[in-house]
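Structural characterization, general
The residues making up each chain are set out below.
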Amino acid sequence: MSGMRSATAPRFEKYKRPRISHALAVVGVASLVALGPLSAAASPASRAASAHEAAEWIAGQQTSTGAFIAEDLRVDLHAEALAAVVAGVVGATTIEDALDYMESNGEAGATEGARTGRIIAGIVAGGEDPEDFGGVDYVAILASQLDSTQGRYRKDATATYTDLFSNLLAANGDIAADGQLPESVKDYILGQKCPDGGYAFGGVGDCAFNDVDTTALAVNALANSGLTGADVDDALDEARTYLLGAQNPDGGFTFCCAGGTSSDSTGLALAAIAALGEDAESHPWMQADGDDPVQALESLQTSEGSFRFADEDFNGDPITEGNTLSTVNAIPGMAGESYPIQAAEPGPDPDPTPTPTPTVSPAGDNDEQDDGETEVGGVVITLPDTGGDPGPQPVSRAATLWTAIGLACVGLGARLRRQAR
């Protein structure tokens, strides 16, 4: 793609937060992806490899315009996908083309707080400056969409969002822009806490149906807000208790109420666990029988790298196909990252591979509320039947050496990421 920015403009410099940890992760992923799975137990290295495979699957759907999944995908959803694939480590060309698409379409799509917040988070994840991206100041646009007296963001020229979920999407962009959540927004989020410590999509008035997804986003916003105080600490402790109580017997999570583990909710919960600075594969997130959220999420990954929404659909029929938006939600948590996603050195560009043709499905991810209704939309990719798991394969001495190198690199990278937060 031609790209609209000046050839002299620094790419991945001004807004990139240099992370040796991510470079180490790239080395580890390269070693372990080449070798394949060596055991059923998860590890920092196998988590990174799983996230990388999912990110490459999303990158494989990038169109000639740079958009992910579909030519007419709304630009804020494209930005959300960009942040996810950055977390999973993809090649520089994928990121550059995605940024070019955003530069051409971003301003027209920044029409309300949640969408502008997503766009900013994608710009920052891609290593660019949201205050001057293609000559547009998206931070100023988001500031104009915040009602600071209420701590809520605007959905149009006259009204603010009444649902918490949309406000959290916008708040994530505010944090991505400068690492700081406006005090009024913090107060608004804290005021939406339900009696059991969880958060509901619609806010405090919807506490009968509080859910894992909204609670996870609230944890990310509060933990990464740049703000401290007993009120924030107490809210995080109570939300942590809620999430532990919502965990399924297999270690995973579902949106709300009773239901089977979903990749969307489990991925978002893993991001919240990362924001809390905890290990999802240790007590208390690992259950007495050894089940944990990482294993639960891995069980929903297809051989192509995508994540199925769940084992079964709402009619009880098995789900065998990967879901694009579920995969976007799963990648950061599987990678051990919290929101907002930080910019990092991209991985190597892969060899060209055929791009699958997406088909539209009614099942998908929650989006911001519009006129009292929840937008639901998704794209399901039909995958070929590749047979069962071949089981453990013999490991050579050379493979053992490369595995050790990969584990060391990604393990050290994970430690450095924790220290950097």
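These lines cover the structure that appears in this document, whether it is placed above or below. For clarity, every value in this text was computed on a predicted model and none was experimentally measured.

The rules behind each value
- Residues numbered from 1 in each chain as written.
- Predicted model: local features only at pLDDT ≥ 70, side-chain atom pairs only at ≥ 80, totals over all residues.
- Heavy atoms only, no water.
- Helix = DSSP H or I, 4+ residues; strand = E, 2+ residues; numbered from the N terminus.
- Contact = heavy atoms within 4.5 Å.
- Areas by Shrake-Rupley, 256 points an atom, 1.4 Å probe, with all protein chains shown as cover.
- Patch = residues over 30% accessible without salt bridge, like charges linked within 9 Å, V, L, I, M, F, W, Y side chains within 5 Å.
- Salt bridge = Lys/Arg side-chain N within 4 Å of Asp/Glu carboxyl O.
- Lys, Arg positive; Asp, Glu negative; His and termini not counted.
- Charge placed at Lys NZ, Arg CZ, Asp CG, Glu CD.
- Buried < 20%, exposed > 50% of the residue type's maximum accessible area, 1.4 Å probe, protein only.
- Core = buried A, V, L, I, M, F, W, Y, C linked by side-chain atoms within 4.5 Å.
- Axes fitted to C-alpha atoms, helices over the stretch in contact; angles between N-to-C directions.
- Parallel < 35°, antiparallel > 145°, perpendicular 65-115°, else oblique.
- Left-handed = near helix turned anticlockwise from the far one by under 90°.
- Nonpolar A, V, L, I, M, F, W, Y, C, P; charged D, E, K, R; others polar.
- Polar contact = N/O pair within 3.5 Å; in protein donor to acceptor, adjacent residues only side chain to side chain.

1. Digging into the overall build of the chain
When helices and strands are counted, the chain shows 14 helices and five strands. Looking at the chain alone, contacts between residues at least 24 apart form 70% of all its contacts between residues at least 6 apart. Summing over all exposed atoms, the chain offers an accessible surface of approximately 17500 Å²; the carbon and sulfur share of this is 54%.

2. Section: a negative patch on the surface
The grouping of E131, D132, D137 and D178 at the surface amounts to a negative patch. By the secondary structure assignment, E131 is in the loop between α5 (113–125) and α6 (138–144). With relative accessibility at 43%, the residue E131 sits in the partly exposed group.

3. Structural notes on the nonpolar core
The biggest cluster of nonpolar side chains holds 92 residues, and the ones touching the most others in it are L82, Y138, I189 and Y199. With 10 residues, the top contributor of residues to this core is helix α3 (residues 75–88).

4. Considering the packing of helix α9 (residues 212–223) against helix α10 (residues 230–246)
The geometry of α9 relative to α10 is characterised by a closest axis approach of 10 Å and an angle of 150° between their N-to-C directions. Here α9 lies roughly antiparallel to α10, going by the angle between them. Both α9 and α10 take part in a crossing whose hand is left-handed. Counted together, V212, T215, V219, L222 and A223 of α9 and V232, A235, L236, A239, Y242, L243 and A246 of α10 form the full contact between these two elements. Split into classes, the residues belonging to the contact of α9 with α10 amount to 11 nonpolar, one polar and no charged.

5. Things to note about the packing of helix α7 (residues 164–178) against α9
Interaxial distance between α7 and α9 falls to 10 Å at its minimum, and their mutual angle equals 30°. In terms of axis orientation, α7 runs roughly parallel to α9. Read as a crossing pair, α7 and α9 show a hand that is left-handed. Residue-level contacts link L164, F165, L168, L169 and I175 of α7 to D213, T214, L217, A218 and A221 of α9. Its residues assigned to classes, the contact of α7 with α9 comprises eight nonpolar, one polar and one charged.

6. A word on the side chain of S326
Summarising the element assignment, S326 is placed in helix α13 (residues 324–334). Reaching out from S326, the side chain makes a polar contact with the side chain of D264 at a distance of 2.6 Å. What S326 contacts, discounting residues up to four positions off in sequence, is S263, D264, F307 and F309.

Geometric values such as these leave the question of function open.
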